[in-house]
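Spelled out from the first residue to the last, the chains are:
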Amino acid sequence: MTYSEYNFDGLIGPTHNYAGLSFGNLASATNAGRASNPREAALQGLAKMREVMSLGLGQGFLPPQDRPHLKTLRALGFSGTDKQIIEKVANKEPQLLANCYAASPMWTANAGTVAPSPDTADGKVHFTAANLAANFHRSIEADTTARVLLHIFDDENFFVHHQPLPGAMHFGDEGAANHGRLCENHGDKAVHLFVYGEDGQKFPARQKLRASEAIARNHKLSDDQCVFVQQSATALDAGAFHNDVVGVANGRVLFLHEQSFADRDAAYAAIREKAPFVEIIEAQASTVSLEDCIKSYLFNSQLLTLPGGEMALLLPSESEENPRVKAFLDETLSKNNPINRVIFKNVRESMRNGGGPACLRLRVVLSEEEAAAVNPNFILDDAQITRLEEWVKAHYRDHVLPEDLRDPAFMEESFAAMEALTKILSMGSFYDFQR
């Protein structure tokens, strides 16, 4: 049976803005209060999806979520018409309003964790939507994310869906941003690398060990398939709020910074014991510093297995512009390893909020039969991408400041855009599906 990689990117929503809500995310904090360009952000994301499709890989997407999230505001006791609620919250709790406007579901690496069918005891693809308990603006995504995943992967003959983990921060789960899958071929039984954190001196850890262990149990993964590794506090305090800021795994390659893990040697030994085929490609701190990694998002790249078996790295333009990072990439390409191609894409609007190419995608490995069972409205071709680009150009602003969130007209524009999108996707009414 043939298995292929599909990347499901987050379609960036019309309320994309820079509110600086994510503690520990240096780019988010640095750009707080600046003007964003939602139209350009969404078009940049769609251009990246086109690039991946051009490489011969399957490309899907997850839609934006309804923002502002009035359901949350009503649950907190704000009443009246939609317009009245926006006006009340804007006057009394503007920071709460910013949280409910966040377009953060665009980063689908945090949508959930996926275990492909070759790995699971029941031979089905398992999904667990992330609870994202560490940040309020992200925690409100979880229920809708779970429903969207079920809507896209809705055939119970192939797919199993688990609800977000309970227990809030005791089981804080940030999804695939702290998870990787190692195997010689996509259809082989794989080793799953789960990276968890302990709080640093400056910033808290978001992924809890108990959350990763619970997901492994729910996904019916055996003990010999799982490696649990602690993230380095040094990397965390440098701004690597998710492990995918300092490392990425795909197939037989683990591509990472030498300061990724709390105990580098023990982590490598544990990984090699269960995945003896692994090829570790490491950037040393003397060559590329953690600061370089975090500013360039070198390791927040998409490590893609191409149809011919070789691998490509899809990186943000910032990686090409950093001379130390570019030199490391050139050196990597010159050596005998599976990575033989690098591609740079402009995703600056996402980068300014702390999300690179890997943040924008959820990797899902599917057999041909499983792929045929996926809702086709969420698998892209050139015609569908063109429709989405036209939708973006018709509904998105090209300039948004934090004070725009206070204007009920902005809310009405966002809801009108989402109503139009749900019709394109044959999801019925936006008001029925999401709200």
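Just above sits the structure.
This is a predicted model, so every value here is computed, not measured. (Residues numbered from 1 in each chain as written. Predicted model: local features only at pLDDT ≥ 70, side-chain atom pairs only at ≥ 80, totals over all residues. Heavy atoms only, no water.)

Enquirer: Looking at this structure, how should I read the environment of D199?
Expert: Among the secondary structure elements, D199 is positioned in the loop between β7 (191–196) and α8 (209–218). Sequence-wise, D199 and L236 are 37 residues apart; in three dimensions their C-alpha atoms are separated by 8.1 Å. Here the side chain of D199 touches A205 through a polar contact of 2.8 Å, landing on its backbone nitrogen. (Helix = DSSP H or I, 4+ residues; strand = E, 2+ residues; numbered from the N terminus. Polar contact = N/O pair within 3.5 Å; in protein donor to acceptor, adjacent residues only side chain to side chain.)

Enquirer: Explain the nonpolar core here, please?
Expert: The tendency in soluble globular proteins is for nonpolar side chains to be buried as a group. Judged by nonpolar contacts, the single largest core of 57 residues is most densely connected at F153 and F159. Other than its neighbours up to four places away in sequence, F159 contacts V125, F127, F153, D154, L366, E370, A373 and V374. Core analysis: the next-biggest nonpolar cluster, separate from the first, contains 19 residues, L21, I86, L96 and M411 among them. (Core = buried A, V, L, I, M, F, W, Y, C linked by side-chain atoms within 4.5 Å. Buried < 20%, exposed > 50% of the residue type's maximum accessible area, 1.4 Å probe, protein only. Contact = heavy atoms within 4.5 Å.)

Enquirer: How should the sheet that holds strand β2 (residues 58–62) be read in this particular structure?
Expert: Neighbouring strands of a sheet are bound in pairs by backbone hydrogen bonds; such pairs are parallel or else antiparallel. What the 3 strands build is an open sheet, ordered β2-β1-β15; its pairing is mixed. With partners counted over all chains shown, the strands left at the sheet margins are β2 and β15 (361–367), one partner each. Across the sheet, the mean angle separating the axes of adjacent strands is 30° when strand polarity is ignored. Pairing of strand β1 (residues 3–10) with β2, which is carried by 5 bridges, proceeds in the parallel orientation. Bridge pairing links N7 to Q59 in β2. (Pairing = 2+ DSSP bridges. Axes fitted to C-alpha atoms, helices over the stretch in contact; angles between N-to-C directions.)

Enquirer: Sorry if this is basic, but what is going on with the sheet that holds strand β9 (residues 247–250) here?
Expert: If you walk across this open sheet you meet the 3 strands as β9-β10-β11, and the pairing is mixed. The two strands at the open ends of the sheet, each matched to only one other strand, are β9 and β11 (279–283). Averaged over all neighbouring strand pairs, the angle between strand axes comes to 10°, with direction disregarded. In this structure, β9 lies alongside strand β10 (residues 253–257), joined through 4 bridges in antiparallel fashion. In the sheet register, N250 faces β10, and the bridge partner there is V253. Lying over the sheet, helix α10 (residues 264–274) contacts β10 and β11, oriented at roughly 160° with respect to β11.

Enquirer: Sorry, what's going on with the pairing of β10 here?
Expert: Side chains on a regular strand alternate between the two faces of the sheet. Of all 5 residues making up β10, 5 are buried, and the element is well covered by its neighbours. Here β9 hands over to β10 after 2 residues, with G251 in that stretch at a positive phi of 60°. Where β10 and β11 come together, 5 bridges link them in parallel fashion. What sits directly across from L254, in β11, is I280. With respect to chirality, the unit in which β10 leads through α10 into the neighbouring parallel β11 is right-handed. (Right-handed = clockwise from strand over helix to strand, strands pointing away.)

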